[in-house]
Amino acid sequence: MPVPAARPVPTAAGSLQAIDTADSDDPDSSRHGTTNHPDEAFVFLHGNLSRGSHWAPQIERLGDEVRCIAPDQRGFGDSPVDAPPSSLLAMAGDVVDLCAALGVTRAHVVGLSMGGVVAQAVALAAPRLVATLTLASTYRVDDPLPSIAAMLAGTVDDVPPMEALAPVLPAATFSASFREEHPDVVEAIVGDLLATPRATLLATVSTSADAPEVVASRIVVPTLVIGATEDPTSPPEVTSSS
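Residues numbered from 1 in each chain as written. Predicted model: local features only at pLDDT ≥ 70, side-chain atom pairs only at ≥ 80, totals over all residues. Heavy atoms only, no water.

Enquirer: Residues and numbers for the state of the cysteines, please.
Expert: This model, assessed by the stated rule, comprises zero disulfides. The thiol of cysteine 99 is unpaired, and the distance to the nearest cysteine sulfur, on cysteine 68, comes to 13 Å. For cysteine 99, a relative accessible area of 1% puts it in the buried group. (Disulfide = S-S within 2.5 Å. Buried < 20%, exposed > 50% of the residue type's maximum accessible area, 1.4 Å probe, protein only.)

Have a look at this one:
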């Protein structure tokens, strides 16, 4: 199905821009998720520097069968920059507020990278809301492996300027085969990543302060963990520790 335009959804912290297939006006769409189960949805949480529209391939594939929601998390994409991410628990609270505002009482939360960490926090904060959890290319933060612990221990002084990220983002984000087969997609998405306000990127450094409270072993909902062999940040040995 065509991906509907994002719209602002109120949360306690202000508002988030979010794609919601319940807003689709596609006459050929069965909109199964909105007609048969209006209170159930797949909620897709993007990674650092990213935005909700980067879930478009999944929404296009699944949107005819289930309700799909993909927000721009605070400070990212088209969500207000004046309320950047402050903590994992605050970002999880945004997701809970978003679901409440959209009438979702049963959420299948899918998180990629940083979004996977936020998804873990959502599952802990609102276990009755989260029906299932899918964690892709992500990591645990309460008992991290050394490579992740070093990343979490970083300070704003360790964050490179945005222009320094340009040459490394393609390989950090896409496999070699994908870069070769889809250069236009890679160029467009990397452009989106680099458009993220530096203030937002710097603010993400502080989100790890409440990492000890996001205890992965306390998650009780059914969880699928996905790792990629060519992921330099979260290879299978990292995701398998989640």
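The rest of the description comes next.
Enquirer: Please provide a residue-by-residue account of the sheet that holds strand β4 (residues 68-71), values included.
Expert: Backbone hydrogen bonds are what pair the strands of a sheet, in a parallel or an antiparallel way. Pairing is mixed across the open sheet formed by seven strands, whose spatial order is β1-β2-β4-β3-β5-β6-β7. Bordering the open sheet on either side are β1 (7-11) and β7 (223-226), each of which pairs with just one other strand. The sheet shows a mean angle of 25° between the axes of neighbouring strands, direction not considered. Pairing of strand β2 (residues 14-20) with β4 involves three bridges; the strand directions are antiparallel. Bridging across to β4, alanine 18 finds its partner in proline 71. Helix-sheet contacts for helix α4 (residues 114-125) involve β3 (40-45), β5 (106-112) and β6 (130-136), and the interaxial angle to β6 is about 155°. (Pairing = 2+ DSSP bridges. Helix = DSSP H or I, 4+ residues; strand = E, 2+ residues; numbered from the N terminus. Axes fitted to C-alpha atoms, helices over the stretch in contact; angles between N-to-C directions. Contact = heavy atoms within 4.5 Å.)

Enquirer: Run through the environment of proline 146, naming residues and quoting values.
Expert: Mapped onto the elements of the fold, proline 146 is located in helix α5 (residues 146-152). The exposure class assigned to proline 146 is exposed, which follows from its relative accessible area of 67%. Residues proline 146 and valine 238 lie 92 residues apart in sequence; the distance between their C-alpha atoms is 9.7 Å.

Enquirer: How would you sum up the packing of aromatic side chains? Please name residues and give values.
Expert: Tallying each qualifying case throughout the model produces three aromatic pairs. Their ring planes at 25° and their centres at 6.4 Å tell us that phenylalanine 42 and phenylalanine 44 sit as a pair that is stacked. When its relative accessible area of 25% is taken as the criterion, phenylalanine 42 is described as partly exposed. Relative accessible area serves as the criterion here: at 3%, phenylalanine 44 is assigned to the buried category. Plain terms: the ring middles of phenylalanine 44 and tryptophan 55 are 5.0 Å apart, the flat faces sit at 40° to each other, and that makes the pair tilted. In this pair, phenylalanine 44 is assigned in strand β3 and tryptophan 55 in the loop between β3 and α2 (56-62), connecting sequence segments 11 residues apart. (Phe/Tyr/Trp six-rings, centres within 6.5 Å; stacked < 30°, edge-to-face > 60°.)

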